[in-house]
Amino acid sequence: MKNFISFLLVLSLLLLISLAAWAGGQEERAALSPETDAWLKSAGLGEYTEDFDEAALYEAGKKEGEVNIYSYSSRVFKFGPTFEEKYPGIKVNGFDIDSPELVTKVLAEQEAQNYVADVIFLKDPSTVIHELYDRNLVFGYVPSDIKGVILKGFQKPLLVHHTSMDVLIYNDEKMSAPPINSLWDLTKDEWRGRFIFPDPQKLSEFIEVLAAVVEHSKEMEAEYKRVFGEKIKLSPGVENAGYEWVLRILNNDVIIMGSTNDVAKAVGLSDQADPPVGWTAFSRLRDKTKNPNLKFTVMYDIEPVMGVSTDVIMAIVNQARHPNAAKLLIRWMMGDSKGGTGYAPYYVLGNFSVRDDVTPVKGSRKLSDLNYWASDPVYVWENGLKILEFWLANLK
Amino acid sequence: MERAIGTAGGERAAGFNRLRNYLRRPHIIISLVLLFILLFIVIIPFVKMIGDSFIWHFTDTRLSKDARPGHFTLFHWIRIFSSRITRNVLLRPLWNSLSTSLGVSIFAILIGSLLAWLVTRTDLPLRKFVAAAAVLPYVIPSYIHALAWLNLFKNDRIGGAAGLFQYLFGVSPPNWLSYGFFPIVFTLSLHYFPYAFLLVSAALSSMDSRLEESGEILGASQSYILRRITFPLVIPAILSSFILTFSRALGIFGTPYFLGSPVRFFTLSTQIYSNIINRVPAVGYILAFMLIGISSSVIYINQRIIGKRKSFVTIAGKGFRRSITPLGRMKAPLFAVVVLLIIISVLMPLILIVWQTLTLYPDDYSLKNLTILFWIGRGGTDFAEGEAGILRNLSIIRAAWNSIKLALVACLVSGFLGIFIGYAVVKGRNTRLSNTVEQLSFLPYLVPGIAFGALYLSLFTRKIGPIPALYGTFFLVALVCIAKNLPFTGRAGITSMLQIGSELEEASEISGARWSMRFRRIILPLSIHGALSGFILVFITVMRELSLIILLVTPETRTLTTMTFRYQEQGYTQFSSAISVLIIIIVIAGEFISRKMGKRGGGL
């Protein structure tokens, strides 16, 4: 017993020491530190940004020799090699890492002062802006020669590479027309256990989808009236029609899956007797060229919206050791007006370029013609985890 | 007055001498060094975990207006134990974790020990082959069993291609058969029965069968002997396998995720994973405490039982013999059951996984869909984002090299640390110092892999004291593997050290051999053979390790397992399966080589 007590004492002492060490912590957005300012100056970023000069950047980039990019998407292995072809002497080290893990790693590298990543290319803008950008751990770069053609709202605070969308899909082998036309249809009994939604605990962009629904609760309320012909009655303790929709799909036995790819397969594989519908990434459409057994398509005419868009952003990491090569790579990834060069791997169905001079992909509609909600990083930051908590609390 | 001072001085001198003598004993020095190492790799992470659950984190500002990052709070504890998410984040996952782990332990031990009895004590045909095959399920990644199950019993619920069951019988299997508790327990039992098999067959084969024969002479029936003599004698082995199986099943992530999430069957480990990747680590840590608490109490109860039973066990060390029980009429049916077991636990998953690597389009198992593109494709095609087949793919070859390097370093370092732990613990038997070393070295076993990895990530990304920031180094990844596997190697070290009589070392001490000489010439050669099983176990474990290292690997240090995870996530079943096959081949090769080395006289 005596041993046990002394053990506890030692443990609590250690605890106190560690608490004292951590107290203080981080506060609001910090001013630039002298080291960061010096680095910005040498890298030509922030207020020191100069006009885009391809030849000069290439010369400087060749001296750096390489550039490390952490990418949420494996297509980095496609635009990397074309970049190396165009700019011999600069090697692209592409690393394919999931978005949440990517942020964790950049934070760790900054803390360890072991600066591996030069460029980050990822989803989940609300986290990137609040956890990295606001703390001066990443900086934006917009090549001056394309400033004029990039749509407003996609340049600040960080440059958006493209917009992707998460939408509803159905099996068009079995069903000749979209089986639903409203988000509220999914709460009806006929879709009990027949609607698949990716796990928001695992995939942050589906927290964004839920957040968009809650954010637009007024529209959800109006749409409810249109579908059911009466004013919505909120369940006890539920704030608004957006939350009510989340609650009702959960009560309607929604099926949860771990990846958008699984959703596409579950909905789209051919020879199904009674295929479900699902919410997945628009760009899953490209899977159909890889797997002819997939028969699904996007439902465009859903009220109030067909889906929720989210931005894929690019930034240069604080203290990056290859800033010139990094800038050149970012410019390469933004592509040309035909959706070519470094943008080519993303010039596919379901991705939308932020350049207004790029014609939409064949078979795709223009972003401006689509009925969707754009995810709002500030709203997601402030409400996303609360909405996730609501989801968790009401899982049956 | 002077006398008094003299006595005090004499006492001081005597005390100093005692201290000097105390410190001169090699096992004391070793214990102190080990304690210092354990402080860094076990205690500090553990304390950090406790501390982190009591402070606000940056992400908490999203959940509460009161959050002040870095300051003290009870928010996380209250949130988990008494809020609207308590039921779904704590209670139901807790119940699911407990019930599945218990179910898995019972079935795995039942299968494993029956098989052990059949192989060691009966005239079952092909016993050698069965014994070798019975270890293989552990080598196959556990999620492969889960995927195999889905291919067989997937029902309409999650859409997609129908499972084989539905294809053959035209009926959709019920949910309880397809997802959740039943399939998780079934597939994990198939994965974990080798633990019980290995431990129980070791116990059975070192047991003197004269004990059973005396029962027979006294007229006891077969089943009576089995119940009253054989079973009590293998109880310690069964209880050890219970601990191993139970704690492993408690911490496993992949299988419950694949088989549980379609029916929202979440376990503590899946909750820990999602909270840590969503950067709400405090919640993950508190849930990890729950796991630690459960495992500790199970181990505690277990020790109480073994402690009581110890007096029963009379394993004769020398001159024993084993007799074989004829199975008689039961021989054919029992053999059929064993063959069936091997088919479903080894052969089927292996065929499935190899077949998957050969399909052009995933989930299409027809013959015309076969290709070797994913093994030796040149890349640049439309498949798999133009990546080359795994045997030509530089990043996979580099990952394979990383995996092998990691497994070797981890098994050697933690293996030797285990021998030292064994020495320190056995020589200092029942002293407080040696007990502390023993208990501390067991602590990592109780922390689930993903939480352990998260701790190391948050700890070693900055400089602490003389230790530079380790993030991004191979050393850090190796360190976490070494620490996590100390419980195995420490156990192995202690058991093998217990078998070495102290008279050997004492004899050489009398003839004037220094400690380093004694250790190199006597202790090491004698113990290494016994410790070798610990080495192999660590090698296999690290080769297949995912959750422990997934947060710590950087692009330069990524391993084969972290690559399979990526490919699986992105839906490239072929690549992920091909890498799994590669892992299985490396593991089997490693085991084969170490066995050859072990046979050649036990030396390195």
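All values reported here derive from a predicted model rather than from experimental measurement. (Residues numbered from 1 in each chain as written. Chains lettered and ligands numbered in written order. Predicted model: local features only at pLDDT ≥ 70, side-chain atom pairs only at ≥ 80, totals over all residues.)

Colleague: Quick one: what's the story with the overall build of chain B, residue by residue and with numbers?
Modeller: When you go through chain B residue by residue, the secondary structure sums to 25 helices and zero strands. The buried share among the 604 residues of chain B stands at 47%. In chain B, the proportion of contacts linking residues at least 24 apart, taken out of those at least 6 apart, comes to 74%. (Helix = DSSP H or I, 4+ residues; strand = E, 2+ residues; numbered from the N terminus. Buried ≥ 20, exposed ≤ 12 C-beta atoms within 10 Å, placed from the backbone. Contact = placed C-beta atoms within 7 Å.)

Colleague: Kindly report on the overall build of chain A, identifying the contributing residues and their values.
Modeller: Scanning chain A for helices and strands turns up 13 helices and 12 strands. On C-alpha atoms alone, chain A measures out to a radius of gyration of 24 Å, which is about the 21 Å that the 2.2 N^0.38 rule sets for 396 residues. Across its three principal directions, the C-alpha atoms of chain A cover 75 × 65 × 35 Å. Residue burial in chain A is summarised as follows: out of 396 residues, 50% are buried. Residue pairs at least 24 apart in sequence account for 78% of intrachain contacts in chain A once pairs closer than 6 positions are excluded. (Rg over C-alpha atoms; globule rule 2.2 N^0.38 Å.)

Colleague: Help me get a handle on the domain arrangement of chain A, residues and values and all.
Modeller: Residues and elements named next belong to chain A. Segmenting chain A into domains produces domain 1 (2-162 + 311-364) and domain 2 (164-309 + 385-393). Computed over C-alpha atoms, the centres of domain 1 and domain 2 are 31 Å apart. Taken together, the contact between domain 1 and domain 2 spans 10 residues of the former and nine residues of the latter. Considered class by class, the residues forming the side of domain 1 that touches domain 2 number four nonpolar, four polar and two charged. (Domains from an automatic or database assignment. Nonpolar A, V, L, I, M, F, W, Y, C, P; charged D, E, K, R; others polar.)

Colleague: How would you sum up the confidence of the model for chain A? Please name residues and give values.
Modeller: Fine structural detail should not be taken from predicted coordinates in areas where pLDDT scores are low. Residues and elements named next belong to chain A. Of all residues in chain A, 92% attain a pLDDT of 70 or more, and the chain-wide mean is 87. Within chain A, the lowest mean pLDDT, 53, falls on helix 1 (residues 2-22), and the highest, 96, falls on helix 9 (residues 241-251). Taken together, the stretch residues 20-28 has pLDDT below 50 and engages in 12 contacts with residues farther than four places along the chain or on a different chain. (pLDDT = per-residue confidence, 0-100.)

Colleague: Give me the pairing of strand 1 (residues 66-71) of chain A: which residues, what numbers.
Modeller: All names here are of chain A. Among the six residues in strand 1, five count as buried, and that is most of the element. In terms of strand pairing, strand 1 meets strand 2 (residues 91-96) through six bridges, oriented parallel. Note that in strand 2 the partner of Tyr70 across the bridge is Phe95. Between the parallel pair strand 1 and strand 2, the chain is carried across by helix 4 (residues 76-86), and the sense of this crossover is right-handed. The sheet contact formed by strand 1 and strand 3 (residues 119-122) spans three bridges and is parallel. Residue pairing for strand 3: Ser71 is matched across the bridge by Phe121. (Pairing = 2+ DSSP bridges. Right-handed = clockwise from strand over helix to strand, strands pointing away.)

Colleague: How would you summarise the packing of helix 4 (residues 86-121) of chain B against helix 14 (residues 268-277) of chain B if you had to cite specific residues and measurements?
Modeller: Residue and element names in this part refer to chain B. Contact pair helix 4 / helix 14: the axes reach a minimum separation of 8 Å and the direction vectors enclose 135°. With respect to each other, helix 4 and helix 14 are oriented oblique. When helix 4 is examined against helix 14, the residues Val89, Pro93, Leu94 and Ser97 are found in contact with a partner set consisting of Leu268, Ser269 and Gln271. Looking at the contact of helix 4 with helix 14 residue by residue, the class counts come to four nonpolar, three polar and no charged. (Axes fitted to C-alpha atoms, helices over the stretch in contact; angles between N-to-C directions. Parallel < 35°, antiparallel > 145°, perpendicular 65-115°, else oblique.)

Colleague: How would you sum up the nonpolar core? Please name residues and give values.
Modeller: One recurring pattern in soluble globular proteins is that nonpolar side chains are buried together. In terms of nonpolar packing, the biggest core is built from 211 residues, with Val119(A), Ile120(A), Ile316(A), Leu329(A), Val480(B) and Cys481(B) touching the most fellow members. A total of 15 residues in this core trace back to one element, the largest contributor, which is helix 18 (residues 394-427) of chain B. Residue contacts for Val480(B): discarding those within four places in its chain leaves Phe452(B), Gly453(B), Tyr456(B), Leu548(B), Ile549(B) and Leu552(B). Ile255(A), Met306(A), Val380(A) and Ile387(A) belong to the second largest nonpolar core, which has 61 residues in total. (Core = buried A, V, L, I, M, F, W, Y, C linked by C-beta atoms within 7 Å.)

Colleague: Help me get a handle on helix 5 (residues 99-112) of chain A, residues and values and all.
Modeller: Residue and element names in this part refer to chain A. Counted at 1.5 Å a residue, the expected span for helix 5 with its 14 residues is 20 Å, and the 20 Å between its end C-alpha atoms agrees. Burial of helix 5 is extensive: 12 of the 14 residues sit out of reach of the surface. Inspection of helix 5 places Ser99, Pro100, Leu102, Val103, Thr104, Lys105, Val106, Leu107, Ala108, Glu109, Gln110 and Ala112 among the buried residues, and these make up the whole buried set. Phi turns positive one or two residues past the end of helix 5, at Gln113, with a value near 55°. (Expected span 1.5 Å × (residues − 1).)

Colleague: Account for the interface of chain A and chain B, with residues named and values stated.
Modeller: If you look at the interface, chain A gives 61 residues, while chain B gives 53 residues. Those elements that place two or more of their residues in the side of chain A that touches chain B are helix 1, helix 4, strand 2, helix 5, strand 7 (255-257), helix 10 (260-268), helix 11 (287-290) and helix 13 (377-394) of chain A. Each residue belonging to the side of chain A that touches chain B can be placed in one class, and the counts come to 26 nonpolar, 18 polar and 17 charged.

Colleague: Can you lay out helix 4 of chain A for me, pointing to particular residues and giving the numbers?
Modeller: Residues and elements named next belong to chain A. Taken as a whole, helix 4 has its buried residues at Val76, Phe77, Phe79, Gly80 and Phe83. Looking straight down helix 4, one finds that the buried residues subtend no more than 165° of arc, so they occupy a single side. Looking at the buried residues of helix 4, the elements they touch are strand 1, strand 2 and helix 12 (323-334). (Arc of directions from axis to C-beta.)

Colleague: Lay out the environment of Lys105(A) with the relevant residues and their values.
Modeller: Relative to the helices and strands, Lys105(A) resides in helix 5. Taking the number of C-beta atoms within 10 Å as the measure of exposure, Lys105(A) has 26 and is therefore buried. When sequence neighbours within four positions are dropped, the list of residues in contact with Lys105(A) reads Tyr70(A), Ile97(A) and Thr554(B).

Colleague: Account for the environment of Trp56(B), naming residues and giving values.
Modeller: All names here are of chain B. With respect to the helices and strands, Trp56 occurs in the loop between helix 2 (26-52) and helix 3 (75-81). Exposure remark for Trp56: the 22 C-beta atoms within 10 Å place this residue in the buried category. Spatially, the C-alpha atom of Trp56 lies 5.9 Å from that of Ala67, the residues being 11 residues apart in sequence. With residues near it in sequence (within four places) discarded, Trp56 still touches Ala67, Arg68, Pro69, Gly70, His71, Thr73 and Phe75.

Colleague: Lay out the packing of helix 4 of chain B against helix 10 (residues 181-205) of chain B with the relevant residues and their values.
Modeller: All names here are of chain B. Taken N-terminus to C-terminus, the directions of helix 4 and helix 10 make an angle of 40°; their axes are 5 Å apart at the nearest point. As summarised for this structure, helix 4 and helix 10 are arranged oblique, according to the angle between their axes. The way helix 4 lies across helix 10 gives a crossing that is right-handed. Broken down by class, the residue content of the contact of helix 4 with helix 10 amounts to 21 nonpolar, nine polar and one charged. (Left-handed = near helix turned anticlockwise from the far one by under 90°.)

Colleague: Please give an account of the pairing of strand 6 (residues 195-198) of chain A that cites residues and values.
Modeller: Residue and element names in this part refer to chain A. Here strand 6 shows two buried faces, one formed by Phe195 and Phe197 and the other by Ile196 and Pro198. Bridge count for strand 6 against strand 8 (residues 277-281) is two bridges, and the pairing is parallel. Along strand 8, the bridge assignment pairs Ile196 with Gly278. One ladder, built from three bridges, connects strand 6 with strand 7; its direction is parallel.

Colleague: Account for the confidence of the model for chain B, with residues named and values stated.
Modeller: Per-chain confidence: chain B averages 80 in pLDDT, with 90% of residues scoring 70 or above. Model confidence for the complex is summarised by a pTM of 0.81, with the ipTM given as 0.79.

Colleague: Give a description of unusual backbone geometry that names residues and reports values.
Modeller: Omega for the peptide link from Lys156(A) to Pro157(A) comes to -5°, which places this bond in the cis form. Along the polypeptide, Pro157(A) turns up in the loop between strand 4 (138-139) and strand 5 (159-171). Unlike most non-glycine residues, Gln319(A) shows phi in positive territory, near 65°. Note that Gln319(A) resides in the loop between strand 10 (307-317) and helix 12. In this model, Arg264(B) sits at a positive phi of 55°, which is unusual for a non-glycine residue.

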